[in-house]
Amino acid sequence: MDIADEEPRARIRPAAALVQLPTGAKVFLYLILCLLPLALIALFTTLQSTRNADTEARARLGAAAGESSGVLRDILVNHVSQLADALAALEANPHDVPACTRLAGTFATTAGARFSIADGEGRVICGQRFRAEDRTRLQHRQVRTTLEADGMTLRIGGRTGSTATAFYSKTTLAALIQPSGFVPEYGAALMQNGERLVLRRLEGAGPLDRREIIPSNLGIDGLELEMSMLGTPITSPMIINTVVLVLMWLAAAGISWFVVDILLIRPLRRLRASVGAYKPGEVIDIKRFGDMPAAEIRELGDTFRDISRTVKEHEADLAEGLVRQTKLTREVHHRVKNNLQVIASLINFHARSARSEEASEAYASIQRRVDALAVVHRHHYAELEENRGLDLRSVIGELAANIRATAPERAQGLGVTLDISPVLVNQDVAIAVAFLLTEIVELAMNCNPAAQIRISIKPIDDDAHRALLRVTSPALVESPALETLVENRYGRVIGGLARQLRTKLHHDPLSGAYEAAIAITGRP
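One numbering rule holds for all chains: residues counted from 1, following each sequence as written. Thresholds applied to this predicted model are a pLDDT of at least 70 for local features of residues and 80 or more for the giving and counting of side-chain atom pairs; totals over whole chains, interfaces and linings are not thresholded and use all residues. Values shown for side chains rest on all heavy atoms present in the structure; no hydrogens or waters enter the calculation.

### Remarks on the overall build of the protein chain
Step number 1: The way it works is that DSSP assigns letters per residue, a run of H or I at least four long becomes a helix, a run of E at least two long becomes a strand, and they are numbered from the N terminus. Helix and strand counts for the protein chain come out as ten helices and 16 strands.
Step number 2: For the protein chain, the residues scored as buried account for 35% of the 524 residues in total.
Step number 3: Taking as baseline every contact in the protein chain between residues at least 6 positions apart, the subset at least 24 positions apart corresponds to 64%.
Step number 4: The Shrake-Rupley method, run with a 1.4 Å probe, gives the accessible areas here. Residue values count only the displayed protein chains as cover. A total of about 30300 Å² of accessible surface is found on the protein chain, and carbon and sulfur atoms cover 57% of it. The buried label goes to any residue with under 20% of its type's maximum accessible area, the exposed label to any with over 50%, and the partly exposed label to all in between, with areas taken from a 1.4 Å probe on protein chains only. Residue contacts follow a heavy-atom distance rule, with two residues in contact if any of their heavy atoms lie within 4.5 Å.

Right, dumping it as structure tokens:
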């Protein structure tokens, strides 16, 4: 599968997941999204106020940092210049007392600052030694600063290996950088090549506090002054305002969802449950919804109630019509059954007054067919209430008894054996089977009056909707008499009945058997 085919499916999945959500959840999500811009606007306003306060604080810190760095830069530049001049003068004349005096006067104005000038051999020729001399040789007028734990050291190289050294304690540097009139708490530190000398710690800074930091380059050996102060603090009112803002956003969405749920979703859910549990003949009750649902839902409920009332009335009319139709059908079947009995009685009456044996046999043949039709009709009338189908075993059993009862005197040795499995058929199949068996049995009697006939019906194993009808008799073995009767009288009738059953009737001339597959509707 191509990636291009997978991408549309990936885009469809979130939409499908959204469709599967309950209506209440979808309404809540929509309300959250609709109210989100208002919440963002309020949040943006709060952040903008905080940003304005931060900008103002940063401006104050910038002014203080500019003042402090300027003061410190001027002092250091002045001291570097004075040290360089004194170093050059003492290199030319180690006994130049005025040069040393001027340098001492310059450092005297800076409390806590000390200096010393040493010749190439490390002897102090001006000032006083205040720590072990750094013997690292510097180039002429090269300035190097070193940040130490207790202060800062400044060294200047001379022509002949002599050096001028100045030391400024942390207290001195902190006093020099203190801005005038700066009320907020601030922090200050000197930085150089990753090293850091903290001059003043920023007090009161917590883990959640924001800091404003401004570095300033002093222009001496990569030395920088970093000043910092706390930004606009995250105070309790700010946190409360933010939390209240979020709660109001969620509360607005929740209240809106609650109103929609009360007016729309819950009544619709109840209406759906009522309609889902509706049964024909009942009237949907809308009163239990109360007056809270929207007017449109109440109107929809009234419409369902009117429809259910109309359906109930129609169901009552249909039930009444069905009762009338059932009574009429029973009356019709009763009259048909009586008419068939009357016809059978008339045929029997005329058969008794027949003057010849052929006429008596003709009347008996007609009576057997009328009896076959009457048997099927009687069983159909008995099964009318359930309408599951006719039990073919009982129909054929009664039919066989009628055939033996109406058999002529010369066929008193006629025997009919039944092997019928219980199967159900419709009326059309039952009538055709009854007539087909009557014709085949009569054909066997005409071939051999004392014929022994076996009738069997067995379901077909691989076909649940068909059964095999088989009539076997020695009288049906191929013979000239059988061929004559089939060709002149019974063949056309038997073939027509087979076509009515929509099957093929097979005759085995060697075993004397007729068989056909008939349709069944089930088993009792």
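### A word on the packing of aromatic side chains
Step number 1: Each pair of aromatic rings taken from Phe, Tyr and Trp, with Trp reduced to its six-membered ring, is defined by centres within 6.5 Å and is described as stacked if the planes are under 30 degrees apart, edge-to-face if over 60, and tilted in the remaining cases. If you walk through the whole model with that rule in mind, you get two aromatic pairs.
Step number 2: Members of the aromatic cluster, connected to one another through ring pairs, are Phe107, Phe115 and Tyr168.

### Points about the sheet that holds strand β11 (residues 415-420)
Step number 1: Pairing between two strands is assigned when DSSP locates at least 2 bridges connecting them. Spatial ordering of the open sheet is given by β11-β13-β14-β16-β15, a layout of five strands whose pairing is mixed. Because the sheet does not close on itself, it has two edges, and the strands there are β11 and β15 (506-508). Across the sheet, the mean angle from the axis of one strand to that of its neighbour is 15°, orientation sign disregarded.
Step number 2: Pairing analysis gives six bridges linking β11 to strand β13 (residues 452-459), with the strands arranged parallel. Across the sheet, leucine 418 pairs through a bridge with isoleucine 455, a residue of β13.
Step number 3: In the packing of helix α8 (residues 392-405) onto the sheet, the strands contacted are β11, β13 and β16 (513-519), and the crossing angle to β11 comes to about 180°.
Step number 4: Helix axes use the C-alpha atoms of the stretch in contact, all axes being lines fitted to C-alpha atoms, and the angles between their N-to-C directions lie in the range 0 to 180 degrees. Together, β13, β14 (466-472) and β16 form the strand contacts of helix α9 (residues 427-447), whose direction differs from that of β14 by roughly 15°.

### Some remarks on a nonpolar patch on the surface
Step number 1: Like-charged residues within 9 Å of one another, or nonpolar side chains (Val, Leu, Ile, Met, Phe, Trp, Tyr) within 5 Å, are grouped into patches, provided each residue has over 30% relative accessible area and no salt bridge. Any Lys or Arg side-chain nitrogen located within 4 Å of an Asp or Glu carboxyl oxygen qualifies as a salt bridge. Residues Ile255, Phe258, Val259, Leu263, Leu264, Leu268 and Leu300 make up a contiguous nonpolar surface patch of about 580 Å² in total accessible area.
Step number 2: It is helix α5 (residues 236-276) that provides the largest number of residues to the nonpolar patch, a total of six residues.
Step number 3: For leucine 263, a relative accessible area of 31% gives the class partly exposed.

### Brief notes about the packing of α8 against α9
Step number 1: α9 packs onto α8 with a crossing angle of 35° between their chain directions and a minimal axis gap of 11 Å. Crossing handedness for the pair α8 and α9: right-handed. Contact with α8, carried on its side by Leu392, Ile396, Leu399 and Ile403, involves Ala430, Val433, Ala434, Leu437, Thr438 and Val441 of α9 and no other residues of that element.
Step number 2: Of the residues in the contact of α8 with α9, the class split is nine nonpolar, one polar and no charged. A crossing counts as left-handed when the near helix is turned anticlockwise from the far one by less than a right angle, and as right-handed when that turn is clockwise. Note on residue categories: nonpolar means Ala, Val, Leu, Ile, Met, Phe, Trp, Tyr, Cys or Pro, charged means Asp, Glu, Lys or Arg, and polar means any other residue, Gly included.

### Details of the state of the cysteines
Step number 1: Counting rule for disulfides: a pair of cysteine sulfur atoms within 2.5 Å. A complete count under the given rule lists one disulfide for this structure.
Step number 2: Across the disulfide, cysteine 100 is cross-linked to cysteine 126 (sulfur-sulfur distance 1.9 Å). Judged by the sign of its S-S torsion, about 95°, the bond between cysteine 100 and cysteine 126 is right-handed. Pair noted here: cysteine 100 is in helix α3 (residues 97-108) and cysteine 126 is in strand β2 (residues 124-127), with a separation of 26 residues, a long-range link.
Step number 3: The exposure class of cysteine 100 is buried, given its relative accessible area of 18%.

### Side note on the environment of proline 94
Step number 1: Take proline 94: it is sitting in the loop between α2 (23-92) and α3.
Step number 2: Here proline 94 falls in the partly exposed class, since its relative accessible area comes to 46%.
Step number 3: Considering only alpha carbons, one finds proline 94 and alanine 118, 24 residues apart in sequence, at a separation of 10.0 Å.

### Quick notes on the sheet that holds strand β6 (residues 186-192)
Step number 1: An order of β7-β6-β9-β8 is seen for the four strands of this open sheet, with the pairing classed as antiparallel. Bordering the open sheet on either side are β7 (195-200) and β8 (211-217), each of which pairs with just one other strand. Put simply, the sheet's adjacent strands are angled 25° from each other on average, direction ignored.
Step number 2: Here β6 runs beside β7; their pairing, made up of five bridges, is antiparallel.

### Details of helix α10 (residues 480-500)
Step number 1: Expected span, for any helix, means 1.5 Å times one less than how many residues it has. Taking 1.5 Å of rise per residue, 21 residues should cover 30 Å, and α10 covers 28 Å from first to last C-alpha, within 8% of that figure.
Step number 2: For α10, the principal kink sits at tyrosine 490 and spans about 70°.
Step number 3: Here α10 has its buried residues at Leu482, Tyr490, Ile494, Leu497 and Ala498.
Step number 4: Once α10 ends, the next one or two residues include arginine 502, with phi positive near 55°. The angle between axes fitted to the seven residues ending at a residue and the seven residues starting there is what we call the bend at that residue.

### Section: the side chain of serine 308
Step number 1: Mapped onto the elements of the fold, serine 308 is located in helix α6 (residues 295-352).
Step number 2: Owing to a relative accessible area of 2%, serine 308 belongs among the buried residues under this scheme.
Step number 3: Discounting residues that sit within four places of it in the chain, serine 308 has contacts with Tyr278, Glu282, Val283 and Ile284.

### Quick word on the environment of threonine 484
Step number 1: On the secondary structure map, threonine 484 appears in helix α10.
Step number 2: Separated by 37 residues in the primary sequence, threonine 484 and cysteine 447 have C-alpha atoms spaced 9.9 Å apart.

### Concerning the pattern of salt bridges
Step number 1: Tallied over the full model, the rule gives ten salt bridges.
Step number 2: Across the pair glutamate 121 and arginine 123 runs a salt bridge whose closest N-O atoms are separated by 2.1 Å.
Step number 3: Relative accessible area serves as the criterion here: at 58%, glutamate 121 is assigned to the exposed category.
Step number 4: Aspartate 419 is paired through a salt bridge with arginine 454; the nearest N and O atoms lie 2.8 Å apart. With a gap of 35 residues between them, aspartate 419 in strand β11 and arginine 454 in strand β13 connect regions that are remote in the sequence.
Step number 5: When its relative accessible area of 27% is taken as the criterion, aspartate 419 is described as partly exposed.
Step number 6: A residue is classified by how much of its surface remains accessible, and arginine 454, at 36% relative accessible area, is partly exposed.
Step number 7: If you follow the salt bridges from partner to partner, you end up with Asp119, Glu121 and Arg123 in one network.

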